[in-house]
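As a plain string of letters, each chain reads:
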Amino acid sequence: MGAFWRGIKHTVFWSYERMSWPYDVMVLAIVLFVMLTPRAWFHDQPVVREADSEQVHLIYEDAARGTRTYRVDASVLPPEKRAVQSTPELEREMHDILGRTVPELEERTFEVRWIGVGVVRSSSGVRALGYDVTVEPQ
């Protein structure tokens, strides 16, 4: 019984020597736990901020065509949804964001006509800074 408690004490305080079989077993157990644990157990999601009036604002209105262009800061999107070119998914995201944050579009139907992407090139690659979104209320 004393060997059992001694083993528990060594495991809790991680006092096995490196390259010993108990040390290797503990490392293997940790690696298996990390690799085999289902992602859903932890509910770890990135924090996404709701867009506010400072992150979405009107920059141009064309009364003749009936279109408006809004500038949307890229930080309102989760990092995995940010794109450096217009995609159908980005258009849907912009439509949803504008529908929630722009009072004159909240209760109306509108179509996203064009998305211009402001990008910055850095040593690590290209990332989106913001989007110019032209919408046409219907």
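See the structure above.
Let us look at the structure shown here.

Conventions and cut-offs
Residues numbered from 1 in each chain as written. Predicted model: local features only at pLDDT ≥ 70, side-chain atom pairs only at ≥ 80, totals over all residues. Heavy atoms only, no water. Helix = DSSP H or I, 4+ residues; strand = E, 2+ residues; numbered from the N terminus. Buried < 20%, exposed > 50% of the residue type's maximum accessible area, 1.4 Å probe, protein only. Contact = heavy atoms within 4.5 Å. Areas by Shrake-Rupley, 256 points an atom, 1.4 Å probe, with all protein chains shown as cover. Phe/Tyr/Trp six-rings, centres within 6.5 Å; stacked < 30°, edge-to-face > 60°. Core = buried A, V, L, I, M, F, W, Y, C linked by side-chain atoms within 4.5 Å. Pairing = 2+ DSSP bridges. Salt bridge = Lys/Arg side-chain N within 4 Å of Asp/Glu carboxyl O.

Check the secondary structure of the chain and you find three helices and four strands. Counted from the first residue to the last, the chain has its helices and strands arranged as α-α-β-β-α-β-β. Considering the chain as a whole, with its 138 residues, one finds that 29% of them fall into the buried category. Put simply, 49% of the contacts in the chain that link residues at least 6 apart link residues at least 24 apart. Element-wise, carbon and sulfur atoms account for 57% of the exposed surface of the chain, whose accessible area totals about 10400 Å².

This paragraph deals with the packing of aromatic side chains. Taken as a whole, this structure holds two aromatic pairs when the rule is applied. Taking the centre distance of 5.5 Å and the plane angle of 70° together, the rings of Trp14 and Tyr23 count as edge-to-face.

Ranked by internal contacts, the top residues of the largest apolar core, which has 20 residues, are Val72, Met94, Leu98, Tyr131, Val133 and Val135. Only strand 2 (67-73), helix 3 (88-101), strand 3 (110-122) and strand 4 (125-137) provide two or more residues apiece to this core. Not counting the four nearest positions on each side in its chain, Val135 is found in contact with Gly66, Thr67, Arg68, Tyr70, Leu98, Leu105, Phe110, Glu111, Val112 and Arg113.

Judged by how many residues are buried, strand 2 sits mostly within the fold: five of seven residues are covered. The turn joining strand 1 (residues 56-62) and strand 2, which pair antiparallel and follow one another in sequence, is formed by four residues; a positive phi near 80° is taken by Gly66.

In the structure shown here, the tally under the stated rule is seven salt bridges. Glu61 is paired through a salt bridge with Arg68; the nearest N and O atoms lie 3.3 Å apart. On the accessibility criterion, Arg68 (18% relative accessible area) is buried. In this structure, Glu111 and Arg113 form a salt bridge, with 3.4 Å as the shortest nitrogen-oxygen distance. Among the residues examined, Arg113 registers a relative accessible area of 46% and is labelled partly exposed.

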